[in-house]
Amino acid sequence: DTAVSQTPKYLVTQMGNDKSIKCEQNLGHDTMYWYKQDSKKFLKIMFSYNNKELIINETVPNRFSPKSPDKAHLNLHINSLELGDSAVYFCASSQDRGVWTQYFGPGTRLLVL
Amino acid sequence: SQQGEEDPQALSIQEGENATMNCSYKTSINNLQWYRQNSGRGLVHLILIRSNEREKHSGRLRVTLDTSKKSSSLLITASRAADTASYFCATPLYNQGGKLIFGQGTELSVKP
């Protein structure tokens with residue numbers, strides 16, 4: 001069974017569109033994260049939720065809106081997609097907020113044309 | 001700015017050789033973690049070393065931590081072609097929700 005899953009795996013879309021990426025974890029963890037990996041493989045945190053509560057909100061354009069319907073799910077909605085949004089987006093989870101090991105999903109490769 | 005920097009950025013070795021990657025960080029830490037990313041895949045957690053530990057082993061992996069120098073190293077012994085991947089060090093910031101700050105990664109290529 002996949003511990004952290006993301007859908008879709010690939011997403012190709014036009015500029016200006018709105019898209020969502022879904023993430024689910026079956027580890028029973030309380031904390032979930034979204035990271036963005038750019039073309040140079042640099043990974044940067046975007047958001048984190050702990051028990052459905054937003055605890056990290058980095059300097060991310062407000063076109064990006066995370067939503068956590070329950071602690072096992074953390075979705076990422078992106079409005080008005082721009083070319084610069086093209087990247088790989090990773091979801092991760094950890095037992096709790098703090099300094100725990102994080103478990104990553106397979107990533108969603110977003111290409112904005 | 002980035003918490004971690006890794007060295008070298010790229011490393012190419014033959015199967016059977018050892019591979020050493022280094023990581024430096026800037027602030028005090030609770031622990032340091034190493035992750036592997038195969039091409040086109042997600043990150044896999046390899047090993048976590050706490051700030052009060054100096055060395056840790058897991059199979060063919062050996063991690064050291066020197067908090068006085070704010071540096072860590074990952075040694076992969078007897079490398080295999082399947083070890084070809086990018087390797088990242090990461091430090092969680094406890095007072096910022098545990099967000100991981102990643103180094104830029106080392107791309108390891110192991111030639112058969």
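Further up the page is the structure itself.
As the structure is a computational prediction, the values presented were derived from the model and not from experiment.

**Quick look at the overall build of chain B**
Along the backbone of chain B there are 0 helices and 11 strands. The linear arrangement of helices and strands in chain B, starting from the amino end, is β-β-β-β-β-β-β-β-β-β-β. Classification of the 112 residues of chain B by burial places 47% in the buried group. Across chain B, the fraction of contacts at a sequence separation of at least 24, relative to all contacts at a separation of at least 6, is 54%. Summed over all atoms, the accessible surface of chain B reaches about 5,300 Å², with 44% contributed by carbon and sulfur. Each charge class in chain B can be summarised by its mean position, and for the 13 positive and 10 negative side chains these summaries are 6 Å apart.

**Some words on a nonpolar patch on the surface**
There is a patch of nonpolar side chains on the surface, built from Val12(A), Leu111(A) and Leu113(A) and spanning about 270 Å² of accessible area. By relative accessible area, Leu113(A) is classed as partly exposed at 47%.

**Focus on the sheet that holds strand 7 (residues 61–66) of chain B**
Residue and element names in this part refer to chain B. Read from one edge of the open sheet, 5 strands run 1-3-8-7-6, paired in antiparallel fashion. In this open sheet, the two strands that pair with only one neighbour each are strand 1 (5–7) and strand 6 (55–58). Direction aside, neighbouring strands of the sheet carry axes that sit 15° apart on average. In the sheet, strand 1 pairs with strand 3 (residues 19–24) via 3 bridges, with the strands oriented antiparallel. Bridged to Glu5 within strand 3 is Ser24.

**A word on the interface of chain B and chain A**
Contacts between the two partners involve 23 residues from chain B, matched on the other side by 21 residues from chain A. In total, about 1,800 Å² of surface goes out of reach between chain B and chain A, with carbon and sulfur atoms giving 58% of it. Between chain B and chain A we count 2 salt bridges in total. Between Lys41(A) and Glu107(B) there is a salt bridge whose closest N-O contact spans 3.8 Å. Elements represented by at least two residues in the side of chain B that touches chain A include exactly strand 4 (31–37), strand 5 (43–50), strand 9 (85–93) and strand 10 (99–102) of chain B.

**So, the nonpolar core**
Formed by 22 residues in total, the largest nonpolar core has its most connected members in Leu32(B), Trp34(B), Leu74(B), Ile76(B), Tyr87(B) and Leu108(B). If you list the elements that add at least two residues to this core, you get strand 2 (10–14), strand 3, strand 4, strand 5, strand 7, strand 8 (71–76), strand 9 and strand 11 (106–111) of chain B. The residues touching Tyr87(B), leaving out its near neighbours within four places in the chain, are Glu6(B), Met21(B), Tyr35(B), Arg36(B), Leu46(B), Leu74(B), Ile76(B), Gly105(B), Thr106(B) and Leu108(B). Counting 19 residues, the second-largest nonpolar core is a separate cluster that includes Cys23(A), Met32(A), Tyr49(A) and Ala87(A).

**Concerning the state of the cysteines**
Here a disulfide denotes a covalent bond joining the sulfur atom of one cysteine to the sulfur atom of another. For the coordinates displayed, the defined rule picks out 2 disulfides over all chains. Shown here is the disulfide that connects Cys23(A) with Cys91(A), its sulfur atoms set 1.8 Å apart. An S-S torsion of about -75° defines the bridge between Cys23(A) and Cys91(A) as left-handed. Placement of Cys23(A) in strand 3 (residues 19–25) and of Cys91(A) in strand 9 (residues 87–94) is noted, with a sequence separation of 68 residues between them. Like Cys23(A), the residue Cys91(A) is buried in the burial classification. With its sulfur 2.0 Å from that of its partner, Cys23(B) forms a disulfide with Cys89(B). Handedness here is read from the sign of the S-S torsion; for Cys23(B) and Cys89(B), about 70°, the answer is right-handed.

**Digging into the environment of Phe90(A)**
You can see Phe90(A) is positioned in strand 9. As for Phe90(A) and Ile21(A), which are separated by 69 residues in sequence, their C-alpha atoms are 9.8 Å apart.

**Here's the deal with the sheet that holds strand 3 of chain A**
Residue and element names in this part refer to chain A. Across the sheet, 4 strands lie side by side as 1-3-8-7; this open sheet has antiparallel pairing. Either end of the sheet is taken by a strand with one partner, and the two such strands are strand 1 (4–7) and strand 7 (64–70). Taking each pair of neighbouring strands and ignoring which way they run, the sheet shows an average axis angle of 20°. Relative to strand 8 (residues 73–78), strand 3 runs antiparallel, the two being bridged by 4 bridges. Along strand 8, the bridge assignment pairs Lys19 with Ile78.

Cut-offs used in this document
Residues numbered from 1 in each chain as written. Chains lettered and ligands numbered in written order. Predicted model: local features only at pLDDT ≥ 70, side-chain atom pairs only at ≥ 80, totals over all residues. Heavy atoms only, no water. Helix = DSSP H or I, 4+ residues; strand = E, 2+ residues; numbered from the N terminus. Buried < 20%, exposed > 50% of the residue type's maximum accessible area, 1.4 Å probe, protein only. Contact = heavy atoms within 4.5 Å. Areas by Shrake-Rupley, 256 points an atom, 1.4 Å probe, with all protein chains shown as cover. Lys, Arg positive; Asp, Glu negative; His and termini not counted. Charge placed at Lys NZ, Arg CZ, Asp CG, Glu CD. Patch = residues over 30% accessible without salt bridge, like charges linked within 9 Å, V, L, I, M, F, W, Y side chains within 5 Å. Salt bridge = Lys/Arg side-chain N within 4 Å of Asp/Glu carboxyl O. Pairing = 2+ DSSP bridges. Axes fitted to C-alpha atoms, helices over the stretch in contact; angles between N-to-C directions. Buried area = accessible area lost by both parts, 1.4 Å probe. Core = buried A, V, L, I, M, F, W, Y, C linked by side-chain atoms within 4.5 Å. Disulfide = S-S within 2.5 Å.

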